[in-house]
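# Structural overview for review
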Amino acid sequence: RYELADTSSERTKGLSYRTEIPKEGMLFIFPNKAIQGFWMKDMLISIDIVWLSDEGVIVGIEENVSPDSYPEVFYSPEPVRYVLEIEGGGAKERGWKIGDTVPLR
C-alpha cells in the first residue's frame, strides 16, 4: 500500500526531488512518539501532511503545503509516531477530517 519511510535515512529523504507522490502516499514511521516536524526542503510538489495516532486516527492535517513554504516547519499537534504524506488536496479529495481513521498498513 504505502511507500514506507521507516529508517532514519528514508525519513530524512522522504519525497524530496520527486515529481510524483506514490499513489497511496508515503507513511513515515518513527521509533518513538514525539512532536514531529516536517519541512519542504528539496520538495518539488505540494503535499498534504496527515498526522496519525498509533491507531491510525487523524489528529491533524496540513493541506496543500507548498515547496515555497520552505524553510517553515510544520509540527504535529501532539506526539505521534506516524505521519502520512499524500498529494496536495488529497485529504479533502478523500473526505478525510480530524477524528477519521485510516489504515496504517
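Below, the structure is looked at part by part. (Residues numbered from 1 in each chain as written. Predicted model: local features only at pLDDT ≥ 70, side-chain atom pairs only at ≥ 80, totals over all residues. Heavy atoms only, no water.)

Together, Ile 35, Trp 39, Tyr 70, Val 73 and Tyr 75 make up a nonpolar patch on the protein surface, roughly 500 Å² of accessible area in all. With respect to the secondary-structure elements, Ile 35 resides in the loop between β2 (26–34) and β3 (37–38). (Patch = residues over 30% accessible without salt bridge, like charges linked within 9 Å, V, L, I, M, F, W, Y side chains within 5 Å. Areas by Shrake-Rupley, 256 points an atom, 1.4 Å probe, with all protein chains shown as cover. Salt bridge = Lys/Arg side-chain N within 4 Å of Asp/Glu carboxyl O. Helix = DSSP H or I, 4+ residues; strand = E, 2+ residues; numbered from the N terminus.)

On to the pattern of salt bridges. For the structure on display, the rule yields five salt bridges. We note a salt bridge from Arg 1 to Glu 24, for which the minimum N-O separation is 3.4 Å. Here the residue Arg 1 occupies a position in the segment before β1 (3–5), and Glu 24 occupies one in the loop between α1 (8–13) and β2, the gap between them amounting to 23 residues. Given the relative accessible area of 25%, Glu 24 is considered partly exposed. Its salt-bridge partner being Arg 18, residue Glu 3 comes within 2.5 Å of it at the nearest N-O pair. Highlighted residues: Glu 3 in strand β1 and Arg 18 in the loop between α1 and β2, separated in sequence by 15 residues. (Buried < 20%, exposed > 50% of the residue type's maximum accessible area, 1.4 Å probe, protein only.)

The next subject is unusual backbone geometry. It is generally the case that most residues other than glycine have a negative phi and that most peptide bonds are trans. In this model, Tyr 70 is joined to Pro 71 through a cis peptide bond whose omega is 15°. For Pro 71, the location among the structural elements is in the loop between β5 (58–65) and β6 (74–75). Even without being glycine, Asp 42 reaches a positive phi, approximately 65°. For Asp 42, the position within the fold is in the loop between β3 and β4 (47–52). Take Asp 42: its relative accessible area is 31%, and that puts it in the partly exposed class. You will see that Asn 64, though not glycine, has its phi angle at about 50°, which is positive. Tracing the backbone shows Asn 64 in strand β5.

Before going further, it helps to spend a moment on the layout of surface pockets. Taken as a whole, the largest pocket spans an internal volume of roughly 280 Å³. For the lining of the largest pocket, the secondary-structure elements that each account for two or more residues are α1, β2 and β3. Ranked by residues supplied to the lining of the largest pocket, first place goes to α1 with four residues. (1 Å grid on protein atoms, 1.4 Å probe; cavity = no way out; pocket = protein on both sides within 12 Å on 5 of 7 lines; lining within 4 Å. Points joined across faces, edges and corners; volume = space filled by probe spheres on them.)

Everything listed here is a matter of geometry and, on its own, says nothing about what the molecule does.
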